[in-house]
Amino acid sequence: MEGVRKHYGILLALLAIIAAALPCCSSQTTRRFQFNVEWKQVTRLCTTKQLLMVNGQYPGPAIAVHEGDSVEINVKNRIAQNTTLHWHGVRQLRTGWADGPAYVTQCPIRGGQSYTYKFTVTGQRGTLLWHAHYAWQRASVYGAFIIYPRIPYPFPHPIQAEIPIIFGEWWNGDPDEVENRMMLTGAGPDSSNAYTINGLPGPLYPCSNQDTFIQTVEYGKTYMLRIINAALADELFFAIAKHTLTVVEVDAVYTKPFSTTSIMIAPGQTTTVLMTANQVPDFTGMFVMAARPYLTSVFPFNNSTTIGFLSYNNAGTWKGKSPVDPSSLKLHNLPAMEDTAFATKFSDKIKSLASPQYPCNVPKTIDKRVITTISLNIQDCPENKTCLGYEGKSFFASMNNQSFVRPSISILESYYKNLTPSSFSSDFPEKPPNNFDYTGGDPLTQNMNTKFGTKLIVVPYGTNIEIVLQDTSFVNLENHPIHVHGHNFFIVGSGFGNFNEAEDPTRYNLVDPPERNTVAVPSGGWAAIRIKADNPGVWFIHCHLEQHTSWGLATGFIVQNGQGPSQSMLPPPQDLPSC
């Protein structure tokens, strides 16, 4: 069992290599997977508990497909609670029914029932992830989603092996209870007890020497690291002692390669890097790999560090125990937790490859600009209730002072069937309701109560829409990872302070901006993203810090059908769950 735990990443890498070796078939190839959502007993950090998993694996099984494949994933819900799964970053062209966010594109899969997610992977290749999209189930229900290209990678290095590295968080208690208590009391959430690498916390945590990720490498070889942040609540820094990482892809989009000593990766983001094992190890043959949070919040947080080891197989005589006292290990290359300067510099280096073979199709002009604040809020406590947030109030979150409420029926189903639109409205405000110093005001005295509802943006098919995401100082300035479902987007601009609609667009990058599905909006700043709305359906937009989504930091947009069947939604599948 110990060997399985330590080398879980190697097993995933082997699976990926086998999938890559499969013959690249026609676009009609269908890859089928069976996912069983179930409880299984797991021990970590001296604690044995029932953990929600898929197929008894933590993290869950890797999905490996080729660009152009059709995919069918039958999900059997073997627990009493509802569940859904989301294929994070897969564009779901015309197949919004397979996207997964509960009450947005589908009703949940009830206990004992099944649902088959069917979609085609079109025009995408690289590293993505999948995860649960109901309550806080993605705390443990997640895995890698790997799309292999049909032609060679656009970088010259021969790759010895691929290594999935998936970051997560571990709670000794039940994450769903953390959310329930947070929403019931109005207080902030309890933080996790550990960060994990491929489900393993590493030797800096209690009872965890045996739960340490160890990756064996060979001197002189180059490896592809598929790095995924599946953590529930934290952006993370990651580094490997004394090794240089070359970024070649983010969110399943190739980038101009650049070298870095470490990375910052937000929840929902993926970063693929090349690493050459070219350092001379000491007698242990080991180098530390480490991840710890990038801190921008005033809320209590998990300030610990998870570590694993890079083990050179042709050096040293290390036999399977930590080579030294883990507390004495030097975390080379790893930025300090509040190093916003590094996070900004790293993000600014990411550029689309923008080659003839992989063009950067950023919209040069726009049809609509939406400016939205992304805020934390302090809500007055209702009468006859005790609230445990700041000064006896409740914490919530909002976009343009609208706190998103999930309806009792799937928005997509309601929209498709043209039901009475009582479950949502199409009047999301396209500018903040009040103008003020968004990032420089007092974080408490300027705070306002939010409004609750299900307001969406509606655009015709083919609209070039720009969304400016403006952080605010309500409660505190914070880095927010905003994820857009159903579309990739281009980050054409970002900065600190307040967005200036007259001046900032003149400095946009419309040549090689990064193309992503999740943007880390700078703490105390803004990011402008451009989307070609060419995927008909209903699409969720939300913060990938799970507590912020629970508090309502979300909205969505509807892309209307275009002309003809190829620009229209497909009908719902027969096994679509009902509410």
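Here the structure is a predicted model, which means the values were calculated and not measured.

Draft legend 1. Highlighting the state of the cysteines. By the definition in use, this model includes three disulfides. The disulfide partner of Cys-46 is Cys-207, and the gap between their sulfur atoms is 1.9 Å. Disulfide Cys-46-Cys-207: the torsion about the S-S bond is 90 degrees, which places it as right-handed. Of the two residues, Cys-46 is situated in the loop between strand S1 (30-44) and strand S2 (47-54) and Cys-207 in the loop between strand S10 (194-197) and strand S11 (214-217); the sequence distance between them amounts to 161 residues. Two residues share a disulfide in this structure: Cys-107 and Cys-579, whose sulfurs sit 1.9 Å from each other. Classification of the bridge connecting Cys-107 and Cys-579 rests on its S-S torsion, roughly -100 degrees, and on that basis the disulfide is left-handed. You can see Cys-107 sitting in the loop between strand S5 (85-88) and strand S6 (114-120) and its partner Cys-579 sitting in the segment after strand S32 (554-559), a full 472 residues away along the chain. Under the relative-accessibility criterion, Cys-579 is labelled partly exposed at 44%. Cysteine pairing in the chain follows 1-3, 2-6, 4-5, where each cysteine in a disulfide is numbered by its order in the sequence.

Draft legend 2. Focus on the nonpolar core. Counting 66 residues, the largest nonpolar core has Ile-165, Phe-167, Leu-225, Ile-227 and Phe-238 as its most contacted members. Contacts of Phe-238, omitting those with residues within four sequence positions, involve Ile-165, Phe-167, Ile-227, Leu-245, Ser-262, Ile-263, Met-289, Ala-290, Ala-291 and Leu-334.

Draft legend 3. Representation of the layout of surface pockets in the model. By volume, the largest pocket amounts to about 530 Å³. Lining the largest pocket are 24 residues; nearest its centre among them are Gly-123, Asn-361, Asn-488, Phe-490 and Glu-515. Among the residues making up the lining of the largest pocket, the classes are represented as 11 nonpolar, eight polar and five charged. Taken as a whole, the second largest pocket holds about 460 Å³ of empty space. Lining the second largest pocket are 27 residues, and of these Thr-344, Ser-347, Asp-348, Ile-491 and Ser-494 sit closest to its centre. Sorting the residues of the lining of the second largest pocket by element identifies helix H4 (340-349), strand S27 (489-496) and strand S29 (518-521) as the ones contributing at least two each. The residue inventory of the lining of the second largest pocket, partitioned by class, reads 13 nonpolar, 11 polar and three charged.

Draft legend 4. Highlighting the side chain of Gln-269. With respect to the secondary-structure elements, Gln-269 resides in the loop between strand S16 (263-265) and strand S17 (270-276). Residue classification places Gln-269 among the buried residues on the basis of a relative accessible area of 4%. Among all residues touching Gln-269, those that are not within four sequence positions of it are Ile-227, Ile-228, Asn-229, Asp-251, Met-264, Arg-516, Thr-518, Val-519 and Ala-520.

Draft legend 5. Quick peek at the packing of aromatic side chains. Here the structure, examined in full by the defined rule, presents 27 aromatic pairs. Judged by centre distance (5.3 Å) and plane angle (75 degrees), the ring pair of Trp-87 and Tyr-117 falls under edge-to-face. Remark: Tyr-117 occurs in strand S6 and Trp-87 occurs in strand S5; sequence separation between them is 30 residues. Accessibility classification places Trp-87 together with Tyr-117 in one group, the buried group. Note on Phe-396 and Phe-452: the rings are 5.0 Å apart at their centroids and 80 degrees apart in plane angle, and the pair reads as edge-to-face. Of this pair, Phe-396 sits in strand S21 (residues 394-399) while Phe-452 is found in strand S23 (residues 451-453), placing the two residues 56 residues apart along the sequence. Residue classification places Phe-396 among the buried positions, given a relative accessible area of 18%. Judged by its relative accessible area of 43%, Phe-452 is partly exposed. Aromatic rings pair up to connect Phe-35, Trp-87, Tyr-115, Tyr-117, Phe-119, Trp-130 and Phe-145 into one cluster. The side chain of Lys-49 reaches across the aromatic face of Trp-170, ending 4.9 Å from its centre.

Draft legend 6. Spatial organisation of the pairing of strand S4 (residues 70-77). Pairing of S1 with S4, which is carried by eight bridges, proceeds in the parallel orientation. Residue Arg-32 lies in a different strand from S4, and its bridge partner there is Glu-72. Bridge analysis of S4 against S6 gives seven bridges, and the strand direction is antiparallel. When the bridges of S6 are listed, Val-71 appears paired with Phe-119.

Definitions and limits used
- Residues numbered from 1 in each chain as written.
- Predicted model: local features only at pLDDT ≥ 70, side-chain atom pairs only at ≥ 80, totals over all residues.
- Heavy atoms only, no water.
- Disulfide = S-S within 2.5 Å.
- Helix = DSSP H or I, 4+ residues; strand = E, 2+ residues; numbered from the N terminus.
- Buried < 20%, exposed > 50% of the residue type's maximum accessible area, 1.4 Å probe, protein only.
- Core = buried A, V, L, I, M, F, W, Y, C linked by side-chain atoms within 4.5 Å.
- Contact = heavy atoms within 4.5 Å.
- 1 Å grid on protein atoms, 1.4 Å probe; cavity = no way out; pocket = protein on both sides within 12 Å on 5 of 7 lines; lining within 4 Å.
- Points joined across faces, edges and corners; volume = space filled by probe spheres on them.
- Nonpolar A, V, L, I, M, F, W, Y, C, P; charged D, E, K, R; others polar.
- Phe/Tyr/Trp six-rings, centres within 6.5 Å; stacked < 30°, edge-to-face > 60°.
- Lys NZ or Arg CZ within 6 Å of the ring centre and 35° of its normal.
- Pairing = 2+ DSSP bridges.

Remember that the coordinates give geometry; whether it matters functionally is a separate question.
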